[in-house]
Amino acid sequence: MSSVRLSLFLIAVLLAHQNSAADAYDREASFHAAASPAETLRRYFAALDQRNGNPDLDLYTPATRRMLRSWQTTKTQMANLVNTFRPCRAEEARIDSRRRFAVIRYPVDQRQCSPWFFEFIDGAWALDLTMMRHAIRFGQNNAWRFERNADHPYEFAFVDWTFDSQGFPVSSN
């Protein structure tokens, strides 16, 4: 290869690398906490759908980022989570009276669709996976329940529900 062709080839490779790095940055820039819990959750699922396992995405609370840095989430796990929640019908976000915490939950009969917790930080709703890890467990058929001894600031969103002795939500129908 001539030196001119080699130079052009190297320039093309460098430009392609810069463009792909810029594209990656642009994709991750869209994964930040949003003005509503629903939009933050949508962005979280979009990140998972793109198999973006970066623990430092801005859509997480600082505590969640620290926790995720020590976790290894596989692309298969991300796909499974997206597929599990795809048919779920989220209720409108419930926000506490001080506007510090929010919950997106699903109807009681959607037992595989666990609630999502958010904290209002710096003007946006960040996803709090640490409290979910602390307070939510899964039983038979992957149905979620609350850990009975776990105190958390998200209890306000469930005062209208009844729970059995194991912490599973009970339908009022």
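Our structure's up above, just so we're on the same page.
Residues numbered from 1 in each chain as written. Predicted model: local features only at pLDDT ≥ 70, side-chain atom pairs only at ≥ 80, totals over all residues. Heavy atoms only, no water.

Engineer: What exactly am I supposed to notice about the pattern of salt bridges here?
Structural biologist: Note that side chains of opposite charge can pair when their charged atoms are close. Counted under the stated rule, the structure contains 12 salt bridges. Via salt bridges that share partners, Glu 91, Arg 94, Arg 105 and Asp 160 belong to a single interconnected network. (Salt bridge = Lys/Arg side-chain N within 4 Å of Asp/Glu carboxyl O.)

Engineer: Honestly, the nonpolar core in this entry has me stumped. Any pointers?
Structural biologist: Soluble globular proteins tend to bury their nonpolar side chains together. Ranked by size, the top nonpolar core spans 39 residues in total, and within it Tyr 44, Trp 116, Phe 117 and Leu 129 carry the most contacts. When residues of this core are traced back to their parent elements, those giving at least two are α2 (37–49), α3 (62–69), α4 (75–85), β2 (101–104), β3 (116–121), β4 (124–127), α5 (129–135) and β6 (144–146). Here this core gets five residues from one element, more than from any other, and that element is α2. (Core = buried A, V, L, I, M, F, W, Y, C linked by side-chain atoms within 4.5 Å. Buried < 20%, exposed > 50% of the residue type's maximum accessible area, 1.4 Å probe, protein only. Helix = DSSP H or I, 4+ residues; strand = E, 2+ residues; numbered from the N terminus.)

Engineer: Is there a simple way to think about the packing of α2 against α4 in this case?
Structural biologist: Following both chains from N to C, one finds α2 and α4 inclined at 135°, their axes separated by 8 Å at the closest point. As far as their axial angle goes, α4 and α2 are oblique. Between α2 and α4 lies a crossing whose hand is left-handed. Every residue of α4 that contacts α2 at Tyr 44, Phe 45, Leu 48 and Asp 49 is listed here: Met 78, Leu 81, Val 82 and Phe 85. (Axes fitted to C-alpha atoms, helices over the stretch in contact; angles between N-to-C directions. Parallel < 35°, antiparallel > 145°, perpendicular 65-115°, else oblique. Left-handed = near helix turned anticlockwise from the far one by under 90°. Contact = heavy atoms within 4.5 Å.)

Engineer: Mind showing me how you'd approach α3 here?
Structural biologist: The periodicity of an α-helix, 3.6 residues per turn, causes residues three or four positions apart to be oriented the same way. All buried positions along α3 are accounted for by Thr 64, Arg 65, Met 67 and Leu 68. Projected down its long axis, α3 carries its buried residues within an arc of 165°, all on one side. On its buried side, α3 packs onto β4 and α5. (Arc of directions from axis to C-beta.)

Engineer: Help me out: how do you make sense of α4 in this one?
Structural biologist: Those residues of α4 that sit buried are Met 78, Ala 79, Val 82 and Phe 85. Viewed along the axis of α4, the buried residues span an arc of 140°, placing them on a single side of the element. Of the surrounding secondary structure, the elements contacted by the buried residues of α4 are α2 and β3.

Engineer: Explain unusual backbone geometry to me, please; I cannot follow it from the model alone.
Structural biologist: The bulk of non-glycine residues show a negative phi, and the bulk of peptide bonds are trans. Phi is positive for Arg 99, close to 60°, though the residue is something other than glycine. By relative accessible area, which is 47% here, Arg 99 ends up partly exposed. Phi at Asn 142 is positive, roughly 65°, even though this residue is not glycine. Tracing the backbone shows Asn 142 in the loop between β5 (136–138) and β6. Overall, the relative accessible area of 41% leaves Asn 142 in the partly exposed class.

Engineer: Is there a simple way to think about the environment of Thr 84 in this case?
Structural biologist: Note that Thr 84 resides in helix α4. Accessibility expressed as a relative area gives 30% for Thr 84, which makes it partly exposed. C-alpha of Thr 84 to C-alpha of Gln 112: the two residues are 28 residues apart in sequence and 7.3 Å apart in space. Engagement of the side chain of Thr 84 in a polar contact is seen with the backbone oxygen of Asn 80, the distance being 2.8 Å. (Polar contact = N/O pair within 3.5 Å; in protein donor to acceptor, adjacent residues only side chain to side chain.)

Engineer: What should I look at first to understand the state of the cysteines in this one?
Structural biologist: Joining two cysteines, a disulfide is a covalent bond between their sulfur atoms. Overall, the coordinates contain one disulfide when judged by the stated rule. One disulfide bridge connects Cys 88 with Cys 113, the sulfur atoms lying 1.9 Å from each other. Between Cys 88 and Cys 113 the sulfur-sulfur dihedral comes to about -75°; the bridge is accordingly left-handed. Note that Cys 88 is positioned in the loop between α4 and β1 (94–95) and Cys 113 in the loop between β2 and β3, a separation of 25 residues in sequence. Classification of Cys 88 as buried rests on a relative accessible area of 13%. The class of Cys 113 is buried, set by a relative accessible area of 5%. (Disulfide = S-S within 2.5 Å.)

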